[in-house]
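# Reading the structure
Okay, here's what each chain looks like letter by letter:
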Amino acid sequence: MANFKPVTHVIFDMDGLLLDTEKIYLKTFSEVLGKYGKEYLDEVRVKVMGTQPKDTFRIIKENTGVDVSPEQLGEEIHGLLRERMHLAQFMPGAERLIRHLKNNNIPIAVATSSGKDTFEIKTSNHRQIFDLFHHIVVGSSDPEVKQGKPAPDIFLICASRFDEKPSPDQCLVFEDAPNGVQAASSAGMQVIMVPDAIVPPEKRTLATKVLKSLEEFKPEEFGLPPFSD
């Protein structure tokens with residue numbers, strides 16, 4: 001078994017990791033780009049995963065050459081996302097893992113690049129579960145988060161808001177996106193990656209461990225209480 005360092009605190013990304021939002025993003029981004037005769041290719045999807053909205057639409061424009069400003073693109077896409085994001089469901093194993101850590105008094109938090117408005121919509125049908133987190137950092141709306149992922153800001157700030165103020169090496173991050181894995185690694189934290197199938201192998205190398213699903217996670221490998229079932 002690989003030798004992982006024991007941790008005391010756990011930080012989760014949200015989109016594509018806890019909530020299955022990637023299908024909604026794919027449908028919406030493809031629809032809007034299609035209006036302008038452009039495709040939302042996998043290589044562009046990988047680049048924007050985990051980024052803040054202000055960076056997302058700039059990256060899409062730069063990589064697709066779509067004939068519309070990033071701001072206009074953002075407005076069109078956000079309008080559709082606001083209508084659809086309440087449909088997002090939990091990824092396999094997410095709810096079980098959150099409840100397990102909470103029940104065992106492991107401090108847990110969320111660090112998401114979402115904007116506050118879309119965060120509220122995405123979580124509207126899951127408030128009971130999101131209330132279990134000690135705190136939630138909504139990167140795009142948080143004045144302390146100066147730079148989005150892949151910069152480490154969001155994870156360092158998230159760690160600092162736990163009561164115990166753990167050091168980075170005491171924190172375990174769960175991520176699906178290469179940008180998020182890079183951010184956690186730069187913050188000096190171990191990071192479990194649960195990537196989308198489109199993420200190529202070379203974009204997974206910074207992860208401490210790669211899983212196909214949260215259902216595969218073994219808490220005891222990181223000094224956390226094992227599942228009892």
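- Going by the annotation in an unreviewed UniProt entry, the name recorded for the protein is Pseudouridine-5'-phosphatase, with Bemisia tabaci given as the source organism.

### A short note on the pairing of strand β5 (residues 190–193)
- What you see with β5 is no split at all: Q190 and I192 on one side and V191 and M193 on the other are buried throughout.
- For strand β4 (residues 171–175) and β5, the ladder comprises four bridges, and the chain directions are parallel. Looking at β5, one finds that E175 is bridged to M193.
- Read as a crossover between parallel neighbours, the route from β4 over helix α9 (residues 178–186) to β5 is right-handed.
- Taken together, the two bridges between β5 and strand β6 (residues 209–210) define a ladder with parallel strand orientation.

### Comments concerning the packing of aromatic side chains
- Within this structure, the stated rule accounts for eleven aromatic pairs.
- Clustering of aromatic rings is evident, with ring pairs tying together F4, F12, F90, F119, F130, F133, F174, F217 and F222.
- Over the face of the ring belonging to F227 we find R96, whose NZ or CZ atom lies 3.6 Å from the ring centre.

### Some remarks on the pattern of salt bridges
- If you walk through the whole model with that rule in mind, you get 19 salt bridges.
- K122 is paired through a salt bridge with D15; the nearest N and O atoms lie 2.9 Å apart. In this pair, K122 sits in helix α6 (residues 116–122) while D15 sits in the loop between β1 (9–12) and α1 (22–35), placing the two residues 107 residues apart along the sequence. The residues K122 and D15 share a single accessibility class, namely buried.
- Its salt-bridge partner being D142, residue R161 comes within 2.7 Å of it at the nearest N-O pair. Placement of the pair is R161 in the loop between α8 (153–160) and β4 and D142 in the loop between β3 (135–138) and α8, with a sequence separation of 19 residues.
- Using a relative accessible area of 13% as the deciding quantity, one classes D142 as buried.

Calculation rules
- Residues numbered from 1 in each chain as written.
- Predicted model: local features only at pLDDT ≥ 70, side-chain atom pairs only at ≥ 80, totals over all residues.
- Heavy atoms only, no water.
- Buried < 20%, exposed > 50% of the residue type's maximum accessible area, 1.4 Å probe, protein only.
- Helix = DSSP H or I, 4+ residues; strand = E, 2+ residues; numbered from the N terminus.
- Pairing = 2+ DSSP bridges.
- Right-handed = clockwise from strand over helix to strand, strands pointing away.
- Phe/Tyr/Trp six-rings, centres within 6.5 Å; stacked < 30°, edge-to-face > 60°.
- Lys NZ or Arg CZ within 6 Å of the ring centre and 35° of its normal.
- Salt bridge = Lys/Arg side-chain N within 4 Å of Asp/Glu carboxyl O.

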